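Structural overview
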Amino acid sequence: NDLSKRWFVRIKVPNYKNGTFTWRKCYGDINKFDTVELRQQEAEKLLQKIKLDKDYKRGQGSRSIGYVSQEHTTYTVDVFKKILRDRDYKIRPSTYRSYFGFIKNLEKWLIDGDRIKLPVGRFTNEDAQSFLRYIRVEKKLSVSTYNSHVVFCRSVFSELVLSEIVDINPFSNIKCMKKNSVPSLYFQKDQVSILKAEITKTDMQLWIFVQFIYYCFIRPGELRFLKIQDILFDDLKIRIPGSISKNGKEQYVTIPINLYNKISHWKELENSFYLFGKNCMPGPENLSANTMKTRHRNILRRLSFGTRHKLYSWKHTGAIAATKAGISLKDLQMQLRHHSLDQVDAYLRDMLVFESDSLKNNFPEI
């Protein structure tokens, strides 16, 4: 009955963070009144409203209780799907598909454990480790895919922590696995000659595609979306829009004169045409995701190349050729779109690119 204090109605509501119930204070308009009787009457009205509506917005203008209608949105899988939908506009379609696959793996793991309705707030570190064991042992996914699951799940829970939907991130102390990356092999000189003869004889569009990778180090997934308008013919540059690049940044690469001479006539084409259209030349429709990879792989198989040679091997081949030709590491960094010279150095070491005339010619005979 103390009018100098703030009055409230106390109700019991679900706590989504731990799956139990907690007490919450609801003030409503009680404290607008200055007599005990009027405050008690307003408190009774507030109680009746809560009982009838099962939903109440606190008088301070903050969030709704909604303890019946919102319950299903706290299930772990549903929360993950909502966050992915919210990210849709800022990630690439291929990334979205990968993340959606991660969520399907999580959903399958929860269904198998009869826990599909597990509230996200009750997802523990033990659950995180159990799910990742399932990914690695039962699903037999690669180290790279395992690490991608860790990074994705950690980022989702970080977002939930910031939004105060959960208290802790169950993936925060889980480290990615070390992987021994085995890059695709580069093509040696005699292999380049063999492939050039075969590809130019059977598939000229593929050969132009290969040269963009070799000279400009543009990824196959980026090449599919490049248009005539992205080529700066006068400056011998290609713009890689942030919307199609792997790192989301708009960057430029140089067109070596050897490639420019083969595509200079494209400046007469429609700016909106894709570089690699469905009619084996620039056109209004681009190629589907795996078209070039499949065509190139078929040629490799026909010529009995091993599985470590891929379409992407042309990037490594070009980088090695440029290094041996004396092109500076700084120029190579810009063309590779690497963020530092250290990254270029690590990339070249992975390719086993080093030359030593001293070792070749002066090593003492045993």
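Rules and cut-offs
- Residues numbered from 1 in each chain as written.
- Predicted model: local features only at pLDDT ≥ 70, side-chain atom pairs only at ≥ 80, totals over all residues.
- Heavy atoms only, no water.
- Core = buried A, V, L, I, M, F, W, Y, C linked by side-chain atoms within 4.5 Å.
- Buried < 20%, exposed > 50% of the residue type's maximum accessible area, 1.4 Å probe, protein only.
- Helix = DSSP H or I, 4+ residues; strand = E, 2+ residues; numbered from the N terminus.
- Contact = heavy atoms within 4.5 Å.
- Expected span 1.5 Å × (residues − 1).
- Arc of directions from axis to C-beta.
- Pairing = 2+ DSSP bridges.

1. What about the nonpolar core?
Counting 36 residues, the largest nonpolar core has F212, I218, I238, W266 and F276 as the members making the most contacts within it. Every element with two or more residues in this core is listed here: α6 (189-202), α7 (204-216), β4 (237-240), α9 (257-263) and α10 (291-302). A per-element tally of this core places α7 first, with 9 residues. Ignoring sequence-local partners within four residues, the contact set of F212 consists of F217, I218, L223, I238, L259, I263, W266, L275 and F276.

2. Description of the environment of S264
Turning to its location among the elements, S264 is positioned in the loop between α9 and α10. Judged by its relative accessible area of 24%, S264 is partly exposed. Each C-alpha atom, one on S264 and one on I231, is 9.8 Å from the other, the two residues being 33 residues apart in sequence.

3. So, helix α2 (residues 76-87)
For an α-helix the count is 3.6 residues per turn, leaving residues at separations of three or four pointing the same way. The terminal C-alpha atoms of α2 lie 17 Å apart, and with 12 residues this matches the ideal 16 Å at 1.5 Å per residue to within 8%. Among the residues of α2, T76, V77, V79, F80, I83, L84 and R87 are the ones counted as buried. The arc that holds the buried residues of α2, viewed along the axis, is 160 degrees, so those residues lie on one side. As for α2, its buried residues are in contact with α3 (93-112) and α5 (143-162).

4. Brief notes about the sheet that holds strand β3 (residues 231-232)
Overall, antiparallel pairing links the 3 strands, which are arranged β3-β4-β5 in an open sheet. The strands lining the two open edges of the sheet, one partner per strand, are β3 and β5 (251-254). As judged from the 4 bridges shared by β4 and β5, these two strands associate in the antiparallel manner. Paired with R239 across the strands is Y252, a residue of β5.

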